[in-house]
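# Analysis of the macromolecular model
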Amino acid sequence: MPDRITSAFDARTTAREAAAGHDLSGRRAIVTGAASGIGVETARALAEAGADVLLAVRSVEAGEAVAAELRRTAPGEVSVGRLDLSDLPSVAAFADAWGDRPLNLLVNNAGVMACPLSYTAQDLEMQVGTNHFGHFLLSVLLARALMNGAEDGQSSRVVELSSIGHRRSAVNFDDIHYRSRPYDKWEAYGQSKTANSLFAVGFHERFADLGVTANAVMPGGIRTPLQRHLTDDEMRAFGWIDEQGRVNDRFKTPRARPPASGPPSRPNWRAWAACTWRTATRRSRGPRPIRSRA
């Protein structure tokens, strides 16, 4: 088994700190879901390291507002493209617009969590349809661009956002889209995150020899619009917020750093996975190997 990668980062490492010291000048990156939450901070860190970053977002207006903010401090070019991961023709149109131009980094960050039962434009259960199938199609359609971005000694990179929530469910291949079994929003979320992790493993196995590697990362506790479908009572029950609505110290929020006295959480693996080329062939302590029980 390859040696594990260790780093000097701790539980409160920010995206900027993870990317510090890396010169990404001339590299092109796409970050999905970069109009809010940790997607903004991932895009910011990459752009401030010199990368040209395309914010792939559902709302171009929201994306342009974020791009305007990032351009104030980023030497890299920041642009915006429309991408709706719950609509596969939108995914295909986005990839077609990019074409075969060299692409160095694809951060599959966007996601939906614990939403009521609903379906995508193609009648896929919303969580697995958006989190997995949308990103699956995007990555496959951009595979040629990623191969074109590979250079001697430096692979192109796919970073797949997973979650400890994968422990809630394997992939139920008999009824992925809840046609017949009762819907459970957390089980559905877990299934989608297991699919994300397994996709990273499968993509890496198929494309590593072609110069494109993939890592699945768990970003740690975050408080962002990802929780839009949860009530305060649910988040209190999980210990994510207290009775006054204050966010648990171990959680990260955009442009915020938890106090040093807070309990530990995971460091910013997504920015590190995007910047640290040696994770191509060795396993980080952040992502853990996932096996479906299905």
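Quantities reported herein were computed from a predicted structural model and do not represent experimental measurements.

The subject of this paragraph is the pattern of salt bridges. Going through the model one piece at a time under the given rule, you end up with eight salt bridges. Here Glu48 makes a salt bridge to Arg16, at a shortest N to O gap of 2.8 Å. Placement of the pair is Glu48 in helix 2 (residues 37-48) and Arg16 in helix 1 (residues 15-19), with a sequence separation of 32 residues. For Glu48, a relative accessible area of 23% puts it in the partly exposed group. Sharing partners across several salt bridges, the network here consists of Glu41, Arg44 and Glu69.

What follows deals with the sheet that holds strand 5 (residues 105-108). The parallel open sheet is built from six strands, whose spatial order is 4-3-2-5-6-7. Each having just a single partner strand, strand 4 (78-82) and strand 7 (212-217) make up the two edges of the open sheet. The average undirected angle you get between the axes of adjacent strands in this sheet is 15°. Bridging between strand 2 (residues 28-32) and strand 5 involves three bridges; their strand directions are parallel. If you follow Val31 over to strand 5, its bridge partner there is Val107.

With that out of the way, let us pick up the nonpolar core. One broad rule of soluble globular proteins: the nonpolar side chains tend to lie buried together. Judged by nonpolar contacts, the single largest core of 26 residues is most densely connected at Ile30, Leu103, Leu106, Leu142 and Phe203. Breaking this core down by element, the ones donating at least two residues are strand 3 (52-57), helix 4 (88-98), helix 6 (143-149), helix 7 (185-207) and strand 7. Here Leu142 is in contact with Ile30, Ala95, Trp98, Leu103 and Leu106, once residues within four sequence places are set aside. Membership of the second largest hydrophobic core comes to 25 residues, among which are Val31, Leu46, Val57 and Val78.

According to the stated counting rule, one finds five aromatic pairs in the structure shown. Considering the side-chain rings of Phe136 and Phe199, the 5.3 Å spacing of their centres and the 55° angle between planes classify their relative orientation as tilted. Highlighted residues: Phe136 in helix 5 (residues 126-141) and Phe199 in helix 7, separated in sequence by 63 residues. Classification of Phe136 by relative accessible area gives partly exposed; the value is 37%. Arranged with centres 6.2 Å apart and planes meeting at 85°, the rings of Trp186 and Tyr189 form a pair that is edge-to-face. Residue Trp186 and its partner Tyr189 are located together in helix 7, separated by three residues, close to a single helical turn. Taken as a pair, Trp186 and Tyr189 share a single burial class, namely buried. Here the basic side chain of Arg101 rests over the ring of Trp98, its NZ or CZ set 4.0 Å away from the ring centre. Stacked on the ring of Tyr178, the Lys or Arg Arg181 has its end atom at 3.7 Å from the ring centre.

What counts and what doesn't
- Residues numbered from 1 in each chain as written.
- Predicted model: local features only at pLDDT ≥ 70, side-chain atom pairs only at ≥ 80, totals over all residues.
- Heavy atoms only, no water.
- Salt bridge = Lys/Arg side-chain N within 4 Å of Asp/Glu carboxyl O.
- Helix = DSSP H or I, 4+ residues; strand = E, 2+ residues; numbered from the N terminus.
- Buried < 20%, exposed > 50% of the residue type's maximum accessible area, 1.4 Å probe, protein only.
- Pairing = 2+ DSSP bridges.
- Axes fitted to C-alpha atoms, helices over the stretch in contact; angles between N-to-C directions.
- Core = buried A, V, L, I, M, F, W, Y, C linked by side-chain atoms within 4.5 Å.
- Contact = heavy atoms within 4.5 Å.
- Phe/Tyr/Trp six-rings, centres within 6.5 Å; stacked < 30°, edge-to-face > 60°.
- Lys NZ or Arg CZ within 6 Å of the ring centre and 35° of its normal.

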